[in-house]
Amino acid sequence: EKWPKGDEKVWRTALRGLDTDVPSITKSVVNHVQTSLARQAYNLDNLGAYQAAALSVRDNLILNWNDTQMHYTRKAPKRAYYLSLEFLMGRTLDNALLNLGLKDKYQEGVHQLGFNLEDILEQERDAALGNGGLGRLAACYLDSSASQELPVWGYGLRYKYGIFQQLIGPDGSQLEAPDPWLQQGDNPWELPRLDVTYEVRFYGHAERLDGMKAIWSGGQEVVAMAYDTMIPGYDTKSTNNLRLWESKPKRGFDLQSFNAGDYERAVESSNSAEAITSVLYPNDHTTFGKELRLKQQYFWTAASLADIMRRFKNLGKPITEFPDYVAIQLNDTHPTLAIPELMRIFIDEEDVPWDAAWQLVTNTFFFTNHTVLPEALEKWPVPLMQSLLPRHMQIIFDIHYLHVAVEKKFPGDRDKFARMSLIEEGYPQQVRMANLACIGSRKVNGVAELHSELVRTTIMKDFVDYYGISKFANVTNGITPRRWLDQCNPGLSKLISETLKLPKAAFLKDLFKLEGLLKFVDDPIFQKKWAAIKQSNKERLAHYVETTLGLKINTHAMFDVQIKRLHEYKRQTLNIMGVIHRYLTLKDMTPEQRKTVNPKVVFFAGKAAPGYYIAKLTIRLIVNAARIINSDPETKDILQLYFLPDYSVSLAEVLIPASDISQHISTAGTEASGTSNMKFCLNGGLLVGTVDGANIEIAEEVGENNVFFFGHLTPAVEDLRYQHMYHAVPIEQKCPPLARVLNEVSAGRFGDGSVYEPLLNTIRQHDYYLLTEDFDSYIQALQLVDEAYQDRTEWIKKSIRTSAKMGKFSSDRAIQDYAQEYWNIESTKPE
Ligand code: H2P
């Protein structure tokens, strides 16, 4: 070890790190109040206390982060990089305290300073740089990578505006407002890296040299600057990095225009560079065709690869060893441009011959597909690519011609070749990103067993024939038990720890340990404690709703929850039609009959893409139905309905532990995995759902008698759709109860019925998502849920069994799978 210059003894003491006893913590917090915030201690509010506590916790993170990064540099292990356009991180402080093992001490410390930790935590704004499952999955994977001491970095974009804030207008519609999440002042969780910048080129021209090389020049250059977010592992010093790029103009001003007196234009050029990372696209399944989105994708992949390449080159290894040190996971097709970009670097900058470059590239990348919905498969118009990224378009055509060799393997099969082509014919031609991602990657995976099977047999079938099955595998998604058990449900985590006589770390690091709870399923004292925790979580949610929306909730009713992005395939419409059906049925009953029904509160939350008309109408119907149902004196004690606005990670943390039953009711074969299903079950909520995505694997683990399945199976869907198209039976005949619901809506029972016609018509005509096919069995399933809930002891047993069997769904398992079967990386940690 070499010591810095100066007195070694002085350095040794100074480098000892931070003390984490309570007095040192209070001292550090107060120091930050006085110095970093320049505030007086006597008039400190909760926001100030949050900021100071965050800065104090951040000091600990930074030290661990430094040690970890230094360790990686010295040891030079193979690393994996997770490229994701979305990281839905939520809040950080609580999670950092948990992972550092400092929660109790900070609780005590801030208490001594006259604050309540819960109130302080509430001050933090969510980092909402994602739309839904895909972005939240990325966040869980970062937590698991750090917790398992794996050398994994995330790369993404630092959007100035995260997913929009959702408001509900007077007529019940969704309104969107921007989410300027950084406007709280400095973001304590990120480190701006003024010294880590790269220039990224757009437009210009690419001139072919001899052979396959080219020179790309001209056009516009934009600067990417790094912001690093520390990702602490749980119960370890290992702290990984999430590097997010911000776009900046190359020069603050275009001096030439400025001098010429054209101030406006000068500012404009700086605006256009900044626009690249200004906003997250608020779409979860379709965002292509938009030039700015393509710019985002290239800006991010180019900066990330330049950074990865620089780190690799510092190792001093020959370029041919690149894949021995670097694995890159492509989270969906969004980062697919990394494939031609790495080709460009190898060929044009590193002088690697084309075939060798392709060999290296296809040994570096791995590709995860997250959906088989045909409308969600990214395509970019060739003319747009040609103008924005002329060199990449050349490379894509080169790959395309190489790929023409496919033809030789299947002589004469023109259709197959057309399907496998990188270029889709038409006006204009389009580049198919999924095909490019597939042929440029070493392995392709789906996110749950059924989904991976559908990937192999539908969208990637021809590629399976060509490459063989071994390139196509499955990694079922997972969730981090740190956030989704201990952090969101501390009471349950404590009970589990006491019951199993294990420290929390034991099961938070090895979720299979929850199986130990099975021994206690029949223990009445344990059942009682289990039920009491659910009850207090329901009260916590009710308190939240009362303080934020001013609504009073019956906490003795069953809580039924559906939370996710609004999409026709996720079938929130099925749920709301079911609620209305329940309401109409209750209205038909006599007061005596009503006394026997199971009281229920139904919660919805989720955002709709701003341009997704049908999804927005669904929200409007839910909100307006809620207004009528909740104010009906005959039924309001037995049925309540709430749409909670502005769904977020933080709101999910309150909703999930409070749920008795949750709904995962996509048309079979459409939901790739789903991850909230895992979160609910981990927290002892039961599941009503279709035989789809990860629901299937959850049922395999917990036993089919502990889930409520309904609806048609995947193989039936295609035929049913065909029948709806060509042999349609009127809904009155096909499904009278649903027809009645639609008619009541049309007739204006929940406000002007004509507003909802376009939504109702999606069901009456074609019914692509097969509501009329599944409605009867759905209602039956809900009936079974009601009956099961009446036998409370039996219900609690189901709840315990469900939670106990969630081991498989830890993201630690999923990340180990990627680390071993894909990336070939190993755990390594600083001393
Ligand atoms: C998507 C899929 C989910 C999947 C998730 C993570 C795109 O999320 O639809 O089924 O669980 O990725 O793999 P979402 O629908 O929430 O946007």
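Each value, and the rule that gives it
Residues numbered from 1 in each chain as written. Predicted model: local features only at pLDDT ≥ 70, side-chain atom pairs only at ≥ 80, totals over all residues. Domains from an automatic or database assignment. Helix = DSSP H or I, 4+ residues; strand = E, 2+ residues; numbered from the N terminus. Nonpolar A, V, L, I, M, F, W, Y, C, P; charged D, E, K, R; others polar. Pairing = 2+ DSSP bridges. Axes fitted to C-alpha atoms, helices over the stretch in contact; angles between N-to-C directions. Contact = placed C-beta atoms within 7 Å. Near = placed C-beta within 6 Å. Parallel < 35°, antiparallel > 145°, perpendicular 65-115°, else oblique. Left-handed = near helix turned anticlockwise from the far one by under 90°. Buried ≥ 20, exposed ≤ 12 C-beta atoms within 10 Å, placed from the backbone.

**Student:** Would you explain the domain arrangement of the chain in this entry?
**Tutor:** Interface extent is often summarised as the accessible area lost during association of the parts. When its domains are assigned, the chain resolves into domain 1 (76-91 + 126-477) and domain 2 (523-809). Within the residue set of the side of domain 1 that touches domain 2, elements represented by two or more residues are β2 (87-90), α7 (133-147), β5 (165-168), β6 (174-177) and α19 (449-457). Its residues assigned to classes, the side of domain 1 that touches domain 2 shows 12 nonpolar, 17 polar and six charged.

**Student:** Explain the sheet that holds strand β11 (residues 239-249) here, please?
**Tutor:** Two strands in a sheet stick together by hydrogen bonds in their backbones, pointing the same way (parallel) or opposite ways (antiparallel). Within the open sheet, the nine strands sit side by side as β7-β10-β11-β4-β1-β12-β13-β17-β18. Their pairing is mixed. A single partner strand is all that each edge strand has here, and the edge strands are β7 (190-202) and β18 (472-474). Here the average twist between neighbouring strands, direction ignored, is 25°. In this structure, strand β10 (residues 220-232) lies alongside β11, joined through 11 bridges in antiparallel fashion. What sits directly across from Ala 224, in β11, is Ser 247.

**Student:** Would you mind showing me how to read the environment of Leu 191 here?
**Tutor:** Assignment of secondary structure puts Leu 191 in strand β7. For Leu 191, the residues in contact, after removing those within four places along its chain, are Tyr 227 and Asp 228.

**Student:** Just to check I follow, could you spell out the site of the ligand for this structure?
**Tutor:** Taken together, 18 residues lie near the ligand, and Gly 132, Gly 133, His 370, Ala 672 and Ser 673 sit nearest. With three residues, the single largest contributor to the shell around the ligand is α7. Grouping the constituent residues of the shell around the ligand by class yields four nonpolar, 10 polar and four charged. The two domains that each donate at least three residues to the shell around the ligand are domain 1 (76-91 + 126-477) and domain 2 (523-809).

**Student:** Is there a simple way to explain the packing of helix α2 (residues 22-34) against helix α5 (residues 103-112) in this structure?
**Tutor:** A pair of packed helices is captured by two measures, namely the crossing angle of their axes and the spacing between those axes. Running from N to C, α2 and α5 point in directions that differ by 60°, and their axes come no closer than 9 Å. Our classification of the angle between α2 and α5 gives oblique. In the packing of α2 onto α5, the handedness of the crossing is right-handed. Contact with α2, carried on its side by Val 22, Ile 25, Thr 26 and Val 29, involves Lys 105, Tyr 106, Glu 108, Gly 109, Val 110 and Gln 112 of α5 and no other residues of that element.

**Student:** What's the story with unusual backbone geometry in this structure? I'm lost.
**Tutor:** Excluding glycine, residues mostly have negative phi values, and the peptide bonds linking residues are mostly trans. Residues Tyr 427 and Pro 428 are joined by a peptide bond in cis, for which omega reads -5°. One non-glycine residue with positive phi stands out, namely Ala 76, at about 50°. By the element assignment, Ala 76 lies in the loop between α3 (46-75) and β1 (79-83). For His 766, which is not a glycine, the phi torsion comes out positive at approximately 65°.

**Student:** In this structure, what is going on with helix α30 (residues 693-702)? I would like to understand it.
**Tutor:** Every α-helical turn comprises 3.6 residues, leaving residues that sit three or four positions apart pointing alike. Taken together, the buried positions of α30 are Gly 693, Ala 694, Asn 695, Ile 696, Ile 698 and Val 702. On its buried face, α30 sits against α19, β22 (661-664), α29 (676-682), β23 (686-690) and α36 (792-804). After α30 finishes, the residue Gly 703 shows a positive phi value of roughly 95°.

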